Amino acid sequence: MSTGDGSTVLVPRYARVIVDVPLAQALDYRVPQDLCVQVGQLCVVPVGRQRHVGIVVELAQDTALAPARVKPIAAVLPGVQLSERWLELSRFGSDYYHYHWGEVALGALPPRLRRPPAARPRKAAAPPADASPPPAPLAAIPAAPGLVERPELRAEQQAAIDAVCQTEGFTPHLLFGVTGSGKTEVYLGIIERLLLRSNCAQALVLVPEINLTPQLQARLCQRFPHYRVLSLHSGLAPRERSDAWMEAHTGAARIILGTRTAVFVSLPALALIVVDEEHDASFKAHGGVPYSARDLAVKRAQLESVPVVLGSATPSLETWQLAQAGRYRLARLEQRGAPAGLQPAADPLIATIDLQQFPADQGLAAPLRDALEETLARGEQALVFINRRGFAPVLRCAACEWLSRCPHCDTYAAYHKVGASLRCHHCGWSKRVPAACPDCGNQDLQGVGQGTQRVEETLRRLWPQARIARIDRDNSQGAKGASNAGAAFDAMHAGDVDILVGTQMITKGHDFRRVSTVGVLNADAQLVAADFRAPERLFAVLMQGAGRAGRAGQESRVLIQTRYPQHPLFAALARHSYGEFAQEQVDERRAARMPPFVHHALLTVAARSMEQALEFLRRCAQLRAELPATQGVTVFDAVPMPLARLAAESRGQLLIEAARRPDLHAFLNAWLPLVRAMGNRGVLRWAIEVDPQAI
Ligand code: ADP
Ligand code: ZN
Ligand code: ZN
């Protein structure tokens, strides 16, 4: 082969390929003479006796292996060539989270693309080979015709849009504003400006849970009827998902709305990343590589030299701290907007109800009952929020104190009246409710405590004439559940529901215009939780709940039942001051040496017995002695995890802490290979998590 300048380019003889197997290194393969292979292409390669899909990450003339032992690439899959920057992003994910590159990179592709073609059904051979968009996947939401509603932007919104659009290259922005302050309108404005700059630019919008944000999908489609808007999430059928992915990869889709997995979608002309509700825990992946899609989004923006906008009413303390330190640019939205003809939302009154003074009866304290009564009398709507589903968290025998426990976990099995079952919310175990106490035969079994089903029942008993609906995970999962929940949300929007009861799900994303009362039944569960991030999460949930009230400008209130009305969190909340709360938390964390002022990694292990689990972790900790100097790193004692037994497995953890991030990574780089080399030693499995969210 020769090039224009006369030099000779050698045809590569070997390709280094990453595959999704637990191997630290890329594997070398021979490039058959009749095959044109390029970096970033997907290929099929033999690994042992199996065929795997791999990604070519390097081409070379030589191999360190005996050439005779190097097997050839079996096939190159047409249609997909990942960019250098995409490879870099996955490489960064691998280095940062300490998982093998192949695990991260292949794990980031839609499942259909990472299966070798032979294993796929016959007619679905290879992905489309050309750049023409495939038939519209079901994932796409058709643009609603008609007038595009576009409010006149307030100065602070315009300033936020200008700030993002005027910066060149990578700049992270925090868009900080309460629900209803017009953040989405700002995203739309930025997208519009940036997409107009070139006729191929693409915008990636990440949201925590796509099923809860149909309004955002609709708004994007409505606002941008000329651009292809795609939604990409794990709820899609495999075929839809790979088709949607290909549309993004070919550049046919200009706006990609997706959940956390979409942070890895291949985008040839990425111009902007938006992360809405950036504080949301759903951005953290579970199972597989435990990455944070929010953090990777920022990294990706840096690699691609594009702006990234993180939006939230209650930013994560990490993000908040970076904005305070000037590393992220801060844009604040202080006012609230409203569609033409409607009043803007007013800040609701946020108050606590002291449960010591007003004991709860069937979960409801008298002041909340009165408030709901008034709300119904005025023909307005109410939300009642309780973070436990089922009828009661536990079933109890009145005679012998038997309690319904999960046989596989260190926890109680909740009593579900609907479906008459006992269910473990941790491992999924379930069983019919026994007719009598398994221990003493007594037939008087009672649910203890409150769950959504019981609250619904109580409300129906108190106000038989009221229209009451419930939404929680039990009646919103799966296709049937989704339409169920969708119908309930629609009824709520249409004003056909007076009181909506539910878990956290009902506090997210919905713009109910007639809600004037929000009741929060058990905030205390999180207030007293051992996890140091619990207050941050509680504040976010309560703030989000408060954002549901008074959206049409009517007077509204949020009433929180608690035993700790003096807690400073409530004072900041009552003043609607996330800044005040965040500053307190940041000071506390700095003083107590907690993230973001130190950095954590967590080694977790599952074993048949706790003794085995802890013994394994102790051995891991001892491996430190074999390392050269590992300064600045603390390895804590091996301890049982907060939920020590889950699904019949005993779980332990080892916390590693460093004040400086490079120290943490240097330690993990040296230590993890020794841990891997040790083998499993009888434990079922172990995993490393960088920046764990719960410890
Ligand atoms: P957020 O994303 O912060 O919750 P939205 O962008 O959804 O806020 O705005 C809330 C409501 O206010 C929406 O109905 C939106 O159309 C409206 N809105 C936003 N900005 C303005 C504005 N400048 N003037 C009038 N209404 C606005
Ligand atoms: Zn009994
Ligand atoms: Zn269980």
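Quick look at the structure, then. On a predicted model such as this, the values are computed, not experimentally measured, just so you know.

### Digging into the overall build of the protein
Here is step 1: Each helix and strand in the protein was counted, giving 17 helices and 28 strands.
Here is step 2: The C-alpha atoms of the protein give 27 Å as radius of gyration, which agrees with the globular expectation for 695 residues (26 Å, within 12%).
Here is step 3: If you line up the protein on its principal axes, its C-alpha atoms span 85 × 65 × 55 Å.
Here is step 4: A buried classification covers 53% of the 695 residues belonging to the protein.
Here is step 5: Put simply, the protein shows about 30500 Å² of open surface, and 51% of that area lies on carbon and sulfur atoms.
Here is step 6: In the protein, 76 side chains carry a positive charge and 66 a negative one; their mean positions are 6 Å apart.

### Remarks on the packing of aromatic side chains
Here is step 1: Overall, the coordinates contain 13 aromatic pairs when judged by the stated rule.
Here is step 2: When the centroid spacing of 5.5 Å and the interplanar angle of 25 degrees are considered together, the rings of phenylalanine 92 and tyrosine 96 count as stacked. With phenylalanine 92 and tyrosine 96 both in helix α1 (residues 84-97) and four residues apart, this pair spans about one turn of that helix.
Here is step 3: Consider the rings of tyrosine 96 and tyrosine 97, whose centres lie 4.8 Å apart with planes at 70 degrees: the pair is edge-to-face.

### Observations regarding empty space enclosed by the protein
Here is step 1: One pass over the full model with this rule turns up two cavities of 30 Å³ or more.
Here is step 2: In this structure, the largest cavity occupies an estimated 50 Å³ of space.
Here is step 3: Contributing to the lining of the largest cavity are Thr179, Lys183, Glu277, His279, Ala313, Thr314, Ala540, Met543 and Gln544.
Here is step 4: Residue contributions to the lining of the largest cavity peak at three residues, all from helix α13 (residues 534-546).
Here is step 5: A volume near 30 Å³ is recorded for the second largest cavity.
Here is step 6: Contributing to the lining of the second largest cavity are Ala160, Val164, His173, Leu174, Leu175, Val309 and Ala331.
Here is step 7: Of all the secondary-structure elements, those providing two or more residues to the lining of the second largest cavity are α3 (155-166) and β6 (172-177).

### Quick look at the coordination of the zinc ion (ligand 2)
Here is step 1: The protein atoms that coordinate the zinc ion (ligand 2) are Cys397 (SG), Cys400 (SG), Cys437 (SG) and Cys440 (SG), at distances spanning 2.2 to 2.4 Å.
Here is step 2: Classification of the site at the zinc ion (ligand 2) rests on its four donor atoms, whose angles at the metal span 105 to 114 degrees, yielding the label tetrahedral.
Here is step 3: On the primary sequence, the residues serving as donors to the zinc ion (ligand 2) are separated as C-x2-C-x36-C-x2-C.

### Structural notes on the coordination of the zinc ion (ligand 3)
Here is step 1: Taken together, the protein donors to the zinc ion (ligand 3) comprise Cys406 (SG), Cys409 (SG), Cys424 (SG) and Cys427 (SG), at separations of 2.2 to 2.3 Å.
Here is step 2: Of note, the zinc ion (ligand 3) draws all its donor residues from one chain, in the sequence arrangement C-x2-C-x14-C-x2-C. Residue cysteine 406 is found in the loop between β15 (394-397) and β16 (414-416), and its partner cysteine 424 is found in the loop between β17 (421-423) and β18 (430-432); the two are separated by 18 residues along the sequence. Considered together, cysteine 406 and cysteine 424 belong to a single accessibility category, that of buried residues.

### A word on the sheet that holds strand β21 (residues 499-502)
Here is step 1: Ordered in space as β13-β23-β22-β14-β21-β20, the six strands form an open sheet in which the pairing is parallel. Edge strands, defined here as strands with exactly one partner in the open sheet, are β13 (349-354) and β20 (468-471). Neighbour-to-neighbour, the strand axes of this sheet turn through a mean angle of 20 degrees, independent of strand direction.
Here is step 2: Relative to strand β23 (residues 557-562), β13 is paired through six bridges, and the arrangement is parallel. Its bridge partner lying in β23, leucine 349 is registered against arginine 557.

### Observations regarding the nonpolar core
Here is step 1: In this structure, Ile55, Leu500, Leu668 and Trp671 are the most contacted members of the largest nonpolar core, which totals 122 residues.
Here is step 2: Once you skip the residues sitting within four places of it in the chain, leucine 500 turns out to touch Ala382, Leu383, Val384, Ala469, Arg470, Ile471, Phe489, Met492, Ile506 and Phe512.
Here is step 3: Judged by nonpolar contacts, the second largest core, of 30 residues, contains Ile191, Leu195, Phe224 and Leu257.

### Describing the pairing of strand β8 (residues 229-232)
Here is step 1: Of the two faces of β8, the one holding Val229 and Ser231 and the one holding Leu230 and Leu232 are both buried throughout.
Here is step 2: By the bridge criterion, four bridges tie β8 to strand β9 (residues 255-258) in an arrangement that is parallel. Its bridge partner lying in β9, valine 229 is registered against isoleucine 255.
Here is step 3: Regarding topology, helix α6 (residues 238-250) serves as the crossover connection from β8 to the parallel β9, and that connection is right-handed.

### Section: the packing of helix α4 (residues 183-197) against helix α5 (residues 214-223)
Here is step 1: At a minimum axis distance of 11 Å, the contact between α4 and α5 shows a crossing angle of 40 degrees. Considering the relative orientation of α4 and α5, their crossing is right-handed. From α4, Thr184, Glu185, Leu188, Gly189, Ile191 and Glu192 reach across to α5, where they touch Leu216, Arg219, Leu220 and Arg223.
Here is step 2: Across the contact of α4 with α5, the residue classes tally to four nonpolar, two polar and four charged.

Procedures and definitions
- Residues numbered from 1 in each chain as written.
- Chains lettered and ligands numbered in written order.
- Predicted model: local features only at pLDDT ≥ 70, side-chain atom pairs only at ≥ 80, totals over all residues.
- Heavy atoms only, no water.
- Helix = DSSP H or I, 4+ residues; strand = E, 2+ residues; numbered from the N terminus.
- Rg over C-alpha atoms; globule rule 2.2 N^0.38 Å.
- Buried < 20%, exposed > 50% of the residue type's maximum accessible area, 1.4 Å probe, protein only.
- Areas by Shrake-Rupley, 256 points an atom, 1.4 Å probe, with all protein chains shown as cover.
- Lys, Arg positive; Asp, Glu negative; His and termini not counted.
- Charge placed at Lys NZ, Arg CZ, Asp CG, Glu CD.
- Phe/Tyr/Trp six-rings, centres within 6.5 Å; stacked < 30°, edge-to-face > 60°.
- 1 Å grid on protein atoms, 1.4 Å probe; cavity = no way out; pocket = protein on both sides within 12 Å on 5 of 7 lines; lining within 4 Å.
- Points joined across faces, edges and corners; volume = space filled by probe spheres on them.
- Donors = N, O, S within 2.8 Å, 3.2 Å for Na, K, Ca; no water.
- Tetrahedral: all angles 85-135°; square planar, octahedral: opposite > 155°, others 65-115°.
- Pairing = 2+ DSSP bridges.
- Axes fitted to C-alpha atoms, helices over the stretch in contact; angles between N-to-C directions.
- Core = buried A, V, L, I, M, F, W, Y, C linked by side-chain atoms within 4.5 Å.
- Contact = heavy atoms within 4.5 Å.
- Right-handed = clockwise from strand over helix to strand, strands pointing away.
- Left-handed = near helix turned anticlockwise from the far one by under 90°.
- Nonpolar A, V, L, I, M, F, W, Y, C, P; charged D, E, K, R; others polar.

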